[in-house]
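Coordinates in review
Listed here are the chains, written in short residue letters.
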Amino acid sequence: MRNKEDVVRGVAAGVAMASTVPYLTLKSFWLSGSEVGVRDPGSMDKLWLLNLITFGMDAIALALALTFVRPWGRRVRAGLVAFPMWVATGLLGTILVAVPVTLIAGLVLGPEHQNAAQQADDGLAGWVFGLVYGGFSVQGVALILAFVLYARRRWAGLLHDRIGDLPDSPTLVVQRVFAGVAALLGLGVAVVRAYWAAGGTVGLPLQWAEERSRSIATMDAVTALMAVAAAGALLVLVFRIGPGRRLRTPFAVAWTAAGSVFAWGAWQLVAFGSTTTVPDLPHAVPGLMVLVEAGQVVAGLLVLAAGAMALTERAAAAAARPSPAVESRA
């Protein structure tokens, strides 16, 4: 069984690494001044910093995939693996949900009509979107699968514990406060994102309000769902709801959903900050949208902090327990 898992993990990691090559190559072209796949060459000057950031993000995904299959990968500090993989799971997992929904909507509802503003803003060739999001979809499946198998090997006990096995520690009150605040923020984010997904435009930048598309509405709906799921799963864990149930299910939901809420909120803030110039500010800065994105970041970090406390204390409690061999000799 272990050998089969190792083979699957190796194949998944290899596919994940291979799927980064087209994206990294395309970004390398753009960073070096190439106009391949670009309809509006002048737009690349404004996006240079954003292209550099996204190149670095995909390079980290490549490094993570390598970590999951190399012998030294299990010796890397847990935080150096967990945090970037948490962000990657949030980014890629959301795409894995949103892309199929958008494609199905296109098949059912037909091609989406683009207004003049959307057509003018379409600065990339059509094949670029297929290459980028097709690659992200393959990368998401492969990288997450490789990580799950890596985690089963490195943190096997976590998958077998039950919710009631989490220790009642001195920080449990703090964890519950964090969970409560995260739940309130998540609820606010979900309400606003659901409103935007339904076609509302209050709080959006003028340009974004004019360029609302089916794919953006889908992303808003997915983010709303993730915000509710992240808060709900964390509340289950910190209030020990259903103590006899396996820990892995609410943990996986909290991990994925909180990663999505945090990663996409942070990404949108970074993308806005790296592409907006001072003359654009009167039309680009909507107070509500910035608040929603900041709320996503804070909510995600609160879930991360509460989860880190619980897992650190669980590991400490497990290390303090005598092994079965010691107990038998006693």
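Structure first, text after, so check above.
Residues numbered from 1 in each chain as written. Predicted model: local features only at pLDDT ≥ 70, side-chain atom pairs only at ≥ 80, totals over all residues. Heavy atoms only, no water.

1. Some words on the side chain of Asp58
Which entries qualify depends on this criterion: Secondary structure follows DSSP: runs of H or I at least 4 residues long count as helices, runs of E at least 2 residues long count as strands, and numbering of each begins at the N terminus. For the exposure calls, accessible area comes from a 1.4 Å probe over protein chains only, and a residue counts as buried if that area is under 20% of its type's maximum, exposed if over 50%, partly exposed in between. When charges are counted, Lys and Arg contribute as positive and Asp and Glu as negative, whereas His and the chain ends are disregarded. The salt bridge criterion pairs a side-chain nitrogen of Lys or Arg with a carboxyl oxygen of Asp or Glu, the two atoms within 4 Å. Each polar contact in these results corresponds to two N or O atoms within 3.5 Å; when the atoms are within protein, one needs to be able to donate a hydrogen and the other to accept it, and residues that are neighboring in sequence are counted only if both atoms are side-chain atoms. Contact criterion: two residues are considered in contact whenever any of their non-hydrogen atoms come within 4.5 Å of each other.
Of note, Asp58 is situated in helix α3 (residues 48-67). Among buried Asp, Glu, Lys and Arg side chains, Asp58 stands out as unpaired, with Lys27 the closest opposite charge at 9.3 Å. A polar contact of 3.1 Å, which involves the side chain of Asp58, links it to the side chain of Gln139. Among all residues touching Asp58, those that are not within four sequence positions of it are Thr20, Tyr23, Leu24, Phe136 and Gln139.

2. Focus on the side chain of Gln139
Tracing the sequence through the fold places Gln139 in helix α6 (residues 126-154). What makes Gln139 buried here is its relative accessible area of 2%.

3. A short note on empty space enclosed by the protein
For clarity, the cut-off: Think of a 1 Å grid over the protein atoms and nothing else: a 1.4 Å probe that fits but is trapped marks a cavity, an open set flanked by protein within 12 Å on at least five of seven lines marks a pocket, and residues with an atom within 4 Å of a point count as lining. Grid points are joined across faces, edges and corners, and a volume is the space filled by probe spheres set on the points. Classes in brief: Ala, Val, Leu, Ile, Met, Phe, Trp, Tyr, Cys and Pro nonpolar; Asp, Glu, Lys and Arg charged; the others, Gly included, polar.
Going through the model one piece at a time under the given rule, you end up with one cavity of 30 Å³ or more. By volume, the largest cavity amounts to about 50 Å³. Taken together, Ala182, Gly186, Ala227, Ala230, Ala231, Ala258, Val261, Ala299, Gly300 and Val303 form the lining of the largest cavity. Only α8 (172-197), α10 (214-238), α11 (248-275) and α13 (287-320) provide two or more residues apiece to the lining of the largest cavity. Split into classes, the residues belonging to the lining of the largest cavity amount to eight nonpolar, two polar and no charged.

4. Regarding the nonpolar core
For clarity, the cut-off: Among the buried residues, those of types Ala, Val, Leu, Ile, Met, Phe, Trp, Tyr and Cys that are joined through side-chain atoms within 4.5 Å form a nonpolar core.
Counting 58 residues, the largest nonpolar core has Trp30, Phe68, Met85, Val128, Leu143 and Phe147 as the members making the most contacts within it. Leave out the neighbours within four places in its chain, and Trp30 touches Val36, Val38, Met44, Asn51, Leu124 and Val128. Ranked by size, the runner-up nonpolar core spans six residues in total, among them Leu158, Leu166, Val236 and Leu247.

5. Some points on the packing of α8 against α10
Helix packing geometry: the angle between the two helix axes and the distance between the axes. The cut-off we apply is this: Throughout, an axis means a line fitted to C-alpha atoms (over the contacting stretch in the case of helices), and angles, computed between N-to-C directions, take values from 0 to 180 degrees. The scheme is simple: roughly parallel for angles under 35 degrees, roughly antiparallel for over 145, roughly perpendicular for 65 to 115, oblique for anything else. Two helices crossing with the near one rotated counterclockwise from the far one by less than a right angle form a left-handed crossing, whereas a clockwise rotation gives a right-handed crossing.
Remark: α8 packs on α10, axes separated minimally by 8 Å, with the N-to-C direction vectors making an angle of 160 degrees. Here α8 is positioned roughly antiparallel relative to α10, judged by the angle of their axes. Every pair of crossing elements has a handedness; the one defined by α8 and α10 is left-handed. Residues that form the contact of α8 with α10 fall into these classes: 18 nonpolar, four polar and three charged.

6. Some remarks on α8
As a reminder of what qualifies: Each helix should span, by expectation, one fewer than its residue count multiplied by 1.5 Å.
For α8, spanning 26 residues, the distance from its first C-alpha to its last is 36 Å, which sits close to the expected 38 Å at 1.5 Å a residue. If you check which residues of α8 are buried, you get Leu172, Gln175, Ala179, Ala182, Ala183, Gly186, Val189, Ala190, Val192, Arg193 and Trp196. Phi turns positive one or two residues past the end of α8, at Gly199, with a value near 110 degrees.

7. Observations concerning the pattern of salt bridges
The full count for this structure, using the stated rule, is six salt bridges. As a salt-bridge pair, Arg153 and Asp6 come within 2.8 Å of each other at their nearest N and O atoms. Of this pair, Arg153 sits in helix α6 while Asp6 sits in helix α1 (residues 2-31), and the two are 147 residues apart along the sequence. Given the relative accessible area of 26%, Arg153 is considered partly exposed. Given a relative accessible area of 25%, Asp6 falls into the partly exposed group. In this structure, Asp161 and Arg314 form a salt bridge, with 2.6 Å as the shortest nitrogen-oxygen distance. Taken together, the residues Asp161 in the loop between α7 (156-160) and α8 and Arg314 in helix α13 connect sequence positions 153 residues apart. Grouping residues by exposure puts Asp161 and Arg314 together as buried.

8. Some details on the packing of aromatic side chains
To be explicit about the condition: Think of it this way: a Phe, Tyr or Trp ring, Trp meaning its six-membered ring, pairs with another when their centres are within 6.5 Å, and the plane angle makes it stacked under 30 degrees, edge-to-face over 60, tilted otherwise.
Tallying each qualifying case throughout the model produces eleven aromatic pairs. Here Tyr133 and Phe136 contribute two aromatic rings whose centre-to-centre distance is 6.0 Å and whose plane-to-plane angle is 90 degrees, an arrangement assigned as edge-to-face. In this pair, Tyr133 and Phe136 are both assigned in helix α6, three residues apart and thus about one turn of the helix distant. Note on Tyr133: relative accessible area 37%, which makes it partly exposed. Judged by relative accessible area, which is 14%, Phe136 ranks as buried. When the centroid spacing of 5.9 Å and the interplanar angle of 85 degrees are considered together, the rings of Tyr150 and Trp155 count as edge-to-face. Owing to a relative accessible area of 1%, Tyr150 belongs among the buried residues under this scheme. Among the aromatic residues, those joined into a ring-pair cluster are Phe68, Phe147, Tyr150, Trp155, Phe251 and Trp255.

9. What to know about the layout of surface pockets
By volume, the second largest pocket is sized at about 970 Å³. Ranked by residues supplied to the lining of the second largest pocket, first place goes to α13 with ten residues.

10. A look at the environment of Leu149
Tracing the backbone shows Leu149 in helix α6. Classification of Leu149 by relative accessible area gives buried; the value is 9%. Setting aside its immediate chain neighbours within four residues, Leu149 contacts Glu5, Val8 and Arg9.

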